[in-house]
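# What the coordinates show
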Amino acid sequence: MIGTTEVHSWFIPTTLQKDEALSSWLIRAALDSGCDPLSLTGVLWPKWRIWSVDVDRGLSSEYLRALVNTTKIDESQFDSATLRNFLFKYNLDNGTLDPWYLVLGTRNRKHRGGWQYCPKCLSEDDVAYFRLPWRFAWHTGCMKHNQRLHDQCPHCHNAIQPRRLEAPDQVMTCCSICKKSLLEVNERFMDCHALAFQKIFDQFLEQGRATYQDNLISLNDWLTVIKLFSQFIRKVLASSSNGKGWAFLEQLKIQVPHSELISNGLVISQLQVIERERLFSCIYQLLIIPLEKFIETAQSLNMNRSSFWDKRNQLPAILRPIEEQLGSVYRNYPPKRALVDTRKPKSKEAVIRKFLRLKRKLG
């Protein structure tokens with residue numbers, strides 16, 4: 001009897017949804033095939049630990065070919081499901097939006113953040129999936145449902161980690177840690193100013209240019225303005241409520257949502273959604289304040305350039321009037337000042353901030 005050898009090909013039938021992130025598709029493809037995401041990717045890329053990196057930042061053509069060969073989806077479609085393609089779509093340089101992508105904080109397959117979701121969107125999907133825009137740091141709400149996005153399981157309060165789902169879970173609306181539904185949440189309406197910030201951010205990206213104080217400016221200059229306003233707001237939030245920063249916001253009638261919240265001091269791409277909502281709400285309110293009123297209020301409180309930004313920050317041309325009108329004050333501190341300061345007890349807020357960072361690191 002003559003033996004025969006047959007080669008059996010296999011095929012992944014899962015389709016790529018509109019705005020779906022590549023990692024979301026990989027996880028759904030695994031669950032549709034009745035296996036864990038780790039098992040599927042182990043077959044596709046036997047020598048690569050794909051879940052130890054951020055898949056949504058893009059794959060090389062070599063790795064993408066493994067997907068193209070097992071699906072009816074072409075390489076360009078897979079590439080469109082990545083953050084790298086998002087930059088290409090709007091003709092932006094690498095690094096322009098890098099600080100604005102939520103980072104996963106990956107350690108092996110675990111991660112401490114990076115994913116947020118709208119429960120109403122997931123509940124309305126024929127097949128639930130995670131959108132690529134949910135990885136954008138400036139997205140803190142769903143404009144379709146006017147709801148703040150969620151970045152924790154409503155039951156166990158762990159970070160959303162769909163890559164750790166298992167075959168029995170079957171759907172992406174299941175928490176990978178406690179196995180309870182991510183849809184069982186209370187409605188949380190989004191702050192209107194944070195929503196407006198999200199809208200203009202998306203709009204300026206699409207246009208490839210921005211406006212500030214009725215002036216047309218480059219997208220890079222606008223992002224610099226946002227960065228500088230962010231530094232000022234975070235400085236105020238970390239300062240005493242009796243300080244000039246809070247008085248400045250009060251005189252300009254800037255509403256600070258979640259003012260009782262103590263920030264852990266992480267960069268924007270690592271902040272929880274509620275912290276980013278508070279920050280972007282304040283930034284948007286600053287953006288719509290006329291520059292003359294901004295300067296007038298600062299002068300009335302005897303504030304100078306250093307009250308807002310570190311002297312090492314270069315201001316774009318659109319903000320130069322602030323520097324010219326307020327001026328700078330540089331102090332020459334004695335050499336031993338730093339040693340004296342270290343012996344002082346830390347404030348309650350500083351201790352809580354360090355504890356929150358440690359808790360996130362250990363979690």
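Keep in mind that this is a model prediction, so the values were computed, not measured. Residue positions are given per chain, counted from 1 along the sequence in the order it is written. Given that this is a predicted model, residues contribute local features only at a pLDDT of at least 70 and side-chain atom pairs are listed and counted only at 80 or more, while totals for whole chains, interfaces and linings are drawn from all residues. In computing side-chain properties, one takes all heavy atoms of the structure into account and sets aside hydrogens as well as water.

## Observations concerning the pairing of strand β5 (residues 209-212)
- Each residue's exposure class comes from its accessible area (1.4 Å probe, protein chains only) as a fraction of the maximum for that residue type: buried when under 20%, exposed when over 50%, partly exposed otherwise. Elements are defined by DSSP. Helices are runs of H or I of four residues or more, strands are runs of E of two residues or more, and each kind is numbered from the N terminus. Residues Ala210 and Tyr212 of β5 are buried on one face, while the alternating residues Arg209 and Thr211, pointing to the opposite face, are not.
- By definition, two strands form a pair when at least two bridges between them are found by DSSP. Here β5 pairs with strand β6 (residues 215-218) via 4 bridges, running antiparallel. Residue pairing across strands places Tyr212 opposite Asn215, the latter belonging to β6.
- Where β5 hands over to β6, the hairpin turn is made up of 2 residues, of which Gln213 adopts a positive phi near 55 degrees.

## A few points about the packing of aromatic side chains
- Any pair of Phe, Tyr and Trp rings, taking the six-membered ring for Trp, is counted once the centres come within 6.5 Å. Such a pair is stacked with planes under 30 degrees apart, edge-to-face with planes over 60 apart, and tilted for the rest. Enumeration according to the criterion identifies 28 aromatic pairs in this entry.
- Judged by centre distance (5.8 Å) and plane angle (75 degrees), the rings of Phe197 and Phe201 are edge-to-face. With a gap of 4 residues between them, Phe197 and Phe201 both fall in helix α7 (residues 192-207), about one helical turn apart. Phe201 carries the same exposure label as Phe197, and that label is buried.
- In this analysis the charged atom, NZ for Lys or CZ for Arg, is taken to sit over a ring once it is within 6 Å of the ring centre and within 35 degrees of the ring normal. It is Arg131 that lies over the ring of Tyr129; its NZ or CZ is 4.1 Å from the centre.
- Between Arg135 and the ring centre of Trp115, over which it is positioned, the NZ or CZ distance is 5.5 Å.

## Focus on the pattern of salt bridges
- The working definition used for a salt bridge is a side-chain nitrogen of Lys or Arg within 4 Å of a carboxyl oxygen of Asp or Glu. Considering all chains together, one arrives at 14 salt bridges under this definition.
- A salt bridge links Glu166 to Lys179, with the nearest nitrogen and oxygen atoms 3.6 Å apart. Of this pair, Glu166 sits in the loop between β4 (147-148) and α7 while Lys179 sits in the loop between β4 and α7, and the two are 13 residues apart along the sequence.
- Its relative accessible area of 37% is what places Glu166 among the partly exposed residues.
- The network of salt bridges with common partners includes Asp54, Asp56, Arg57, Asp98 and Arg135.

## Focus: unusual backbone geometry
- Despite not being glycine, Gln213 has its phi angle at roughly 55 degrees, a positive value.
- Its place among the elements puts Gln213 in the loop between β5 and β6.
- Given a relative accessible area of 24%, Gln213 falls into the partly exposed group.
- Despite not being glycine, Asn302 shows a phi value in the positive range, around 55 degrees.
- Asn302 gets classed as exposed once you look at its relative accessible area, which sits at 61%.

## Considerations on helix α10 (residues 273-287)
- With 15 residues, α10 extends 21 Å from end C-alpha to end C-alpha; this agrees with the ideal 21 Å at 1.5 Å per step.
- Summarising burial for α10: 14 of the 15 residues are buried, a large majority. Every helix has an expected span of 1.5 Å times one less than the residues it contains.

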